[in-house]
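Results of the structural survey
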Number of protein chains: 2
Amino acid sequence: MADLFTIMSDPSFTIWERAALSAVLVVAVLGLAYAGFLAGEVLRKDQGTEDMRRISRAIRLGANAYLSRQFRAIALLILLITGLLYFTAGAQHIAIGRACAFLMGSLFSATVGLIGMNMAVQGNVRVAAASRTSFAEALKIAYRTGTITGMLTDGLGLLGGTLIFLVYGEQAYEVLLGFGFGGTLLALFMRVGGGIYTKAADVGADLVGKLEQNIPEDDPRNAATIADNVGDNVGDCAGMAADIFESYEVTIVAAMILGWASFGHKGVIFPLLVRAIGVLSSIVGTYLVRTSEEARAAMKAIHLGYAVSALVSVVGFCLVGFYYLRFPEAGPLAGWINLGVEGLDMRPVWTTLIGIALAVSINFLTDYFTAPEKPPVQFVARATQTGHATTIINGLAVGLESSVWAVLLIALAIFGSWLIYQGTNPTYIAYGVAMCGIGMLTLTGNNISMDVFGPVADNANGIGEMAHLDQKARQTLADLDACGNTTKAITKGIAIGSAVIAAVSLFNAYITDIAKFTGKTYEDIVPLLSISEPLVFIGFLIGGAIPFLFSSLTIRAVGRAAFLIVQEVRAQFKDRAIWEGTKTPDYARVVSICTAEAQRELIGPGLLAVLAPIIVGVLLHKEALGGFLAGIILAGQLVAVFMANAGGAWDNAKKFIEDGHYGGKGSEAHKASITGDTVGDPLKDTAGPALNPLIKVMNLVALLALPFIVRNERQPSLLLWLVVLVGLVVLGIIIYKSKQESPEVLKWQAEIDKAN
Amino acid sequence: MADLFTIMSDPSFTIWERAALSAVLVVAVLGLAYAGFLAGEVLRKDQGTEDMRRISRAIRLGANAYLSRQFRAIALLILLITGLLYFTAGAQHIAIGRACAFLMGSLFSATVGLIGMNMAVQGNVRVAAASRTSFAEALKIAYRTGTITGMLTDGLGLLGGTLIFLVYGEQAYEVLLGFGFGGTLLALFMRVGGGIYTKAADVGADLVGKLEQNIPEDDPRNAATIADNVGDNVGDCAGMAADIFESYEVTIVAAMILGWASFGHKGVIFPLLVRAIGVLSSIVGTYLVRTSEEARAAMKAIHLGYAVSALVSVVGFCLVGFYYLRFPEAGPLAGWINLGVEGLDMRPVWTTLIGIALAVSINFLTDYFTAPEKPPVQFVARATQTGHATTIINGLAVGLESSVWAVLLIALAIFGSWLIYQGTNPTYIAYGVAMCGIGMLTLTGNNISMDVFGPVADNANGIGEMAHLDQKARQTLADLDACGNTTKAITKGIAIGSAVIAAVSLFNAYITDIAKFTGKTYEDIVPLLSISEPLVFIGFLIGGAIPFLFSSLTIRAVGRAAFLIVQEVRAQFKDRAIWEGTKTPDYARVVSICTAEAQRELIGPGLLAVLAPIIVGVLLHKEALGGFLAGIILAGQLVAVFMANAGGAWDNAKKFIEDGHYGGKGSEAHKASITGDTVGDPLKDTAGPALNPLIKVMNLVALLALPFIVRNERQPSLLLWLVVLVGLVVLGIIIYKSKQESPEVLKWQAEIDKAN
């Protein structure tokens, strides 16, 4: 045991540190155990009538069919990359470690997605069943279903990082890269595939159902209803969980890399301790989420839980920092910032608190731009009166503006780290940014609970509608659904923000690595990455273009898939028996079209993410690749927030009108608001969120490819140039293909043209 | 005379060089004379029936009412800045020069806009009159009307730059900054004000007329018709001309600054010679644009003229370069790239040719993404069948993708300059980029002819419709209008591309200036601007956010103004006499609402452009300001092209459907296509184009403010901090105000709410 866990026998670690690391492991397992406990609790609940079970089963089957097909599709790729990674590291035990860590990272990410999604589809029917008798109980089940995924993310993320550190010690960095990459790559696939699936189904269902036929959402006659509900689970739940898991991993990877360089082992152990506190505070906070039957205050309960978790975290960080971050050998450190205590270095604590503050501010910001009662959504809602076009224009304006404030908040957080570490080595500032990311994701347990709560409540509402529950139950479910829409929107902001902070940390690691692989000092590298260098500027321009290309690819994919769904649903409605509700539509056919399309459409964006950094690095060298990464981070953040919040605003403007304003349901204003919502769907649920893993994947690929790029600059490698050549051809084909309609679309097209 | 023109008595200039400079002046005057000649020709043409004259007069009055109000509104600001600029330069004669040059730049820019617009409104009725008898004649008048503005731009731009150089010689740089800033600032106001005007009128007219009442565009019963036609002139014509004039100026400023630093006076004179050749080749090429009555080949004729101009330019550049760019003192220069001739340095020629190639490629690219018969527009047109939402989604995807290729082309052009100057001082590479900008704008005469041709043909078509011309004339006008839509869209790409290249050149000048004002070498400055520096990265994030904020402000402004127009037009339609066509609507009221709104809405974006660089520079220092500029260039380019091409694609998808596809006019697909067009309008004609001057204004403000920012870093200046404080408050108020509805909107709102 001590042989495997080198740290445990390393005399430079005190007995207390070893105890603390063991405690972190215990907390990680505790988090997982709590998830298990909650799962047991949820599964024991009543599943309601036979009707409800039947609908729930259809959703579950559809969701699992999708995921199993997705996993099969990418299993080969994962194995291939595992093999490739073995050759990217130098020493053999590192190589094995990195390959295994990659496998572990992708497995963990997949597990979080798979279990989270399965719990969600188990939870939704139980929430619907509970709604018949109790609001409080329905809320508790829905929220705790989310918490299961949250605690899984927390537990697995912490477990993986800690284990690798215990085994590899000082060399953990090289291995951690593999761990982060595994999680990230899988999250990218889950985000893109799930996003395409969910939005194709949603857009297809809404366009025909709500807009053309004027029937409510989740009307059982609509053939896309089940696929729509399945989509909520694969996209919002599995995709989102994998995405946040990934940010959670990547920030710990970056913090450990940079912590080692700046503060030695204390710099590595401190973030692990912070994470452990976060797990504990999430357990406490999420457990407290409950309301009374009279109050029905779902949102208030969730906010209270969040506040308690935040408070526990802040107190915990300060205490741990105060007792652990002592550096007597460094001599007296700067005064008031370290509370005037000699040898104490509280700076890592302050940066972690900046992270918590950033998370809270982004939550407020997202809430402001997407909540129905706030001015931005009101602005969009008012525009629905003057038609479809003004609805879209105003939504675009809201989205554009929101991304300004989001990026300013992130700039402010980085500025905070800079202020705290002012005058020191840039590595310290980078460590500060990474710790800010750690702080930001402290409440991951709560965030994911809130996020998954969304699709669970949404599905429960759908089941309620399809199973014709009574009015009181329907009201309970509608209230929970509305609350879930808000919580889901809010956590999107956190997901994007944390992705950017994680990417900035990785970017700093990239710079540190250039120094390492070229055998130069950090100071030597700085001028190479100046924006005054034409190649850096060129890289930067190309990098900025990537999120635009990626978004275009994913939006087109949704459009193509949605076109098929629209035609299929229209065709099924032509069957009078289906329209009159006497015959069940062929749900499975729509599910199967969505699944197949999502798989096909996944390939292009995935390859783009992996190939682009390698091509830029080899063709334009490592400096341009640095500019490229900076460009991606900037454009990625701006575009992702723009899309998420414009989409959120349109969504809630529609809800506002459906609550009876400006003519309410069925009015012209309502139709315009549905157009807005439909436009927003692929932006906020496919293209936007998929940019989070994209930003991180590209940074990680750059980090992994760097040694080869550096070696190639000295001594051109035929193999690498071959990879670039093939890569360019492949990307060309992908982009060309992405603009071709799929055969099914063309078939429909021909029929329409004939009919015209 | 020789006293004033220092260069003429400077012995370091050969007699040949002085002769060449005089020749450049003569060519500039020749360009202006050609414009005068064309103006006389156009004005002598027949103005058609009394009916047509009346409509034309209404458009002319509206257009001039707008411009005179705009000029009055900004006159005070221009005088104020003229005074301020006097204090920004050190030595008194430079200070006077800079202030005067600023005034000259803004006057020239205003003149180009004013005369260009007036010629356009004179031209349109004559085109309509000619259409009754001859296609060839109508085309000639329309195109030559555009050429007047084109040659004015060419002539005044060249005249101003050359005069300043002749007077100030080596110190011309300081003065040229003022010249560029004057043109740029005015262009920003013309672009933003004109853009808001034109699109509010257009959106308002279309929403009520086409979408709600199902009547054709330019139906005389629509109260917004005249305002719509006025808008085409103030936005597309005056705004665009001022914008390109500005790029034309700014590239010559940058080329002269960087040319002096790299090649001495040959580096300054060569760009002037290139420009002169461009003027001559534009005269030749534009004169050749004509077609026969049988062929009716407008587009072909325009393309032929363009090709001839390009050919004349390429030959001219090579010849001038070959005979002039001799540097015997530099010793034998690199081999084949200099044709193996000893002492010859052909590199400036090659970079200029890259510029021409870039212009041609961008034309092709824009054409590909916005021409009706090409796949992207077809892709959008097909989506109209599945409704409003899919139309919007597909248009967004097309726009996003097009910006990727545009930015890659620009990156490629910069890479070309880098390759040509590889291994030399970065100033040379920067000079290469500036010369690439010079090359790109060589055919400005042709480009502006093509651009202004658009609104002239569009207005002529409107007049034809309102004056009920016969079928044959209407067909001629419709054909010219369609051709004008294509040429207008194409030149938008050039305007944005040249703005980015100009901004990159200015950005390089900024870096050179940091060295100058801090008394360090260029090599000392390079590391300061590294993206590894947190403050540079922060500046970079903030800079990227600016185009998003700016777009949001301008889009909201259009929305607000359009809302008022919609309500006004609706109210006028309630008058049955107007609806039945027996009573003329109150056109003037709509024109007046548009004018007032555009003025009010102009202030915010204008102040943002001027204040933001100063605030960032003072608060975060010159390095962060460098990152800020880079961020603006990147995000500005991406967003501007995205908006321009998405808008162009929607516009032409609508035209494609109106040609009878997918059900043609009046079908559901047509309605969806109108939504797309209406959404695209503020993007492609207001927010997108206004980003061009924004990018340049911010770079110029940074250049002008740099000495103060550097001085402030050494010795904080109370005044500057006061400016920043006030600036922050003002920006806060602007952003807050921008989200408030104007009183009129609120009044309408209250009435609507009461009615509901």
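Everything quoted here is computed from the prediction, not taken from an experiment.

Here's the deal with the overall build of chain A
When helices and strands are tallied, chain A shows 21 helices and 0 strands. Over its C-alpha trace chain A gives a radius of gyration of 25 Å, about what one expects of a compact globule, namely 27 Å for 756 residues. When its C-alpha atoms are laid out on the principal axes, chain A stretches across 80 × 60 × 50 Å. Considering only contacts within chain A whose residues lie at least 6 apart along the sequence, 84% involve residues at least 24 apart.

Comments concerning the interface of chain A and chain B
Across the boundary between the two partners, chain A contributes 73 residues, which contact 73 residues of chain B. The class makeup of the residues in the side of chain A that touches chain B is 49 nonpolar, 20 polar and 4 charged.

Regarding the packing of helix α6 (residues 225–263) of chain A against helix α14 (residues 471–518) of chain A
Residues and elements named next belong to chain A. At a closest axis distance of 9 Å, the pairing of α6 and α14 adopts a crossing angle of 35 degrees. Along this stretch, α6 crosses α14, giving a crossing that reads as left-handed. Between α6 and α14, the residues in contact are Asp 236, Met 240, Asp 243, Ile 244, Ser 247, Val 250, Thr 251, Ala 254, Ile 257, Leu 258 and Ala 261 and Lys 488, Ala 495, Ser 498, Ala 499, Ala 502, Ser 505, Leu 506, Asn 508, Ala 509 and Thr 512, respectively. Residues that form the contact of α6 with α14 fall into these classes: 12 nonpolar, 6 polar and 3 charged.

Thoughts on the relation of the copies chain A and chain B
With an RMSD of 0.0 Å, chain A superimposes on chain B once it is rotated by 180 degrees and translated 0.0 Å along the axis. Taken together, the rotation angle and the small translation identify this as a two-fold axis.

Thoughts on the packing of helix α2 (residues 50–88) of chain B against helix α6 (residues 225–263) of chain B
All names here are of chain B. Look at α2 against α6: their axes get within 9 Å of each other, and the N-to-C directions meet at 55 degrees. Judged by the angle between their axes, α2 and α6 are oblique. Judged by the twist between their axes, the crossing of α2 over α6 is right-handed. Contact with α2, carried on its side by Ala 58, Ile 59, Gly 62, Ala 63, Tyr 66 and Leu 67, involves Ile 226, Ala 227, Asn 229, Val 230, Asn 233, Val 234 and Ala 238 of α6 and no other residues of that element. Partitioning the contact of α2 with α6 into residue classes produces 10 nonpolar, 3 polar and no charged.

A word on the environment of Val 701 of chain A
Tracing the backbone through its elements, the reader meets Val 701 of chain A in helix α19 (residues 668–714). Between the alpha carbons of Val 701 of chain A and Ser 361 of chain A there is a distance of 31 Å; along the sequence they are 340 residues apart.

Points about helix α7 (residues 265–287) of chain B
In an α-helix, one full turn covers 3.6 residues, which means residues spaced three or four apart are oriented alike. Over its 23 residues, α7 of chain B runs 33 Å from end to end, which matches the ideal 33 Å to within 8%, given 1.5 Å per residue. Taking burial as the measure, the 23 residues of α7 of chain B include 19 buried ones, the bulk of the element.

Here's the deal with unusual backbone geometry
The backbone phi angle of Asn 214 of chain A is positive, close to 60 degrees, even though this residue is not glycine. With respect to the secondary-structure elements, Asn 214 of chain A resides in the loop between α5 (172–212) and α6. One non-glycine residue, Tyr 662 of chain B, lies in positive phi territory at about 45 degrees. Note that Tyr 662 of chain B resides in the loop between α18 (587–658) and α19 (668–714). Of the residues examined, Tyr 662 of chain B has 21 C-beta atoms within 10 Å and is grouped as buried.

Comments concerning helix α12 (residues 426–440) of chain B
Relative to the 21 Å expected for 15 residues at 1.5 Å per residue, α12 of chain B spans 21 Å between its end C-alpha atoms, a close match to the ideal helical length. By the criterion of burial, α12 of chain B is predominantly enclosed, with 15 of the 15 residues buried.

Focus: the environment of Trp 418 of chain B
Examined against the element boundaries, Trp 418 of chain B turns out to sit in helix α11 (residues 388–420). A count of 22 C-beta atoms within 10 Å places Trp 418 of chain B in the buried class. Look past the residues within four positions of Trp 418 of chain B in its chain and what remains in contact with it is Pro 534 and Leu 535 of chain A together with Ile 429 of chain B.

A few points about the confidence of the model for chain A
Summarising the model, chain A shows a mean pLDDT of 88, and 97% of its residues fall at 70 or more. Scoring of the predicted complex yields 0.92 for pTM and 0.91 for ipTM.

Topic: the environment of Leu 21 of chain B
Residues and elements named next belong to chain B. Its place among the elements puts Leu 21 in helix α1 (residues 15–43). With 248 residues separating them along the chain, Leu 21 and Ile 269 place their C-alpha atoms 7.4 Å apart. Each residue touching Leu 21, except ones within four places of it in the same chain, is listed here: Ile 7, Thr 162, Leu 166 and Ile 269.

What counts, and where the lines are drawn
Sequence order sets the numbering: in each chain, residues are counted from 1 along the sequence as written. Chains carry letters and ligands carry numbers; both start at the beginning, A for chains and 1 for ligands, and go up in the order they are written. Local features in this predicted model are restricted to residues of pLDDT 70 or higher, and side-chain atom pairs are both shown and tallied only at a pLDDT of 80 or more, whereas totals for entire chains, interfaces and linings draw on every residue. Strands are runs of DSSP state E lasting at least two residues, helices are runs of H or I lasting at least four, and both sets are numbered from the N terminus onward. As defined in this context, the radius of gyration uses C-alpha atoms, and a globule is described by 2.2 Å times the residue total to the power 0.38. Contacts here follow a simple rule: the backbone-placed C-beta atoms of the two residues must lie within 7 Å. Residue classes follow a fixed rule: Ala, Val, Leu, Ile, Met, Phe, Trp, Tyr, Cys and Pro count as nonpolar, while Asp, Glu, Lys and Arg count as charged, and any other residue, Gly among them, counts as polar. To get an axis, a line is fitted to the C-alpha atoms, and for a helix only the part in contact is used. The angle between two axes follows their N-to-C directions and goes from 0 to 180 degrees. Definitions for this section: a left-handed crossing has its near helix turned counterclockwise from the far helix by less than a right angle. A right-handed crossing has that turn clockwise. Only residues with pLDDT of at least 70 in both copies contribute their C-alpha atoms to the least-squares superposition of the copies. These descriptions rest on fixed angle ranges, namely under 35 degrees for roughly parallel, over 145 for roughly antiparallel, 65 to 115 for roughly perpendicular, and the rest for oblique. Expected helix span is taken as 1.5 Å per residue step, with the number of steps being one fewer than the number of residues. A residue is called partly exposed when the number of other C-beta atoms within 10 Å of its own lies between 12 and 20, exposed at 12 or fewer, and buried at 20 or more, with C-beta atoms placed from the backbone. Confidence scores per residue from the predictor, reported as pLDDT, run from 0 to 100.

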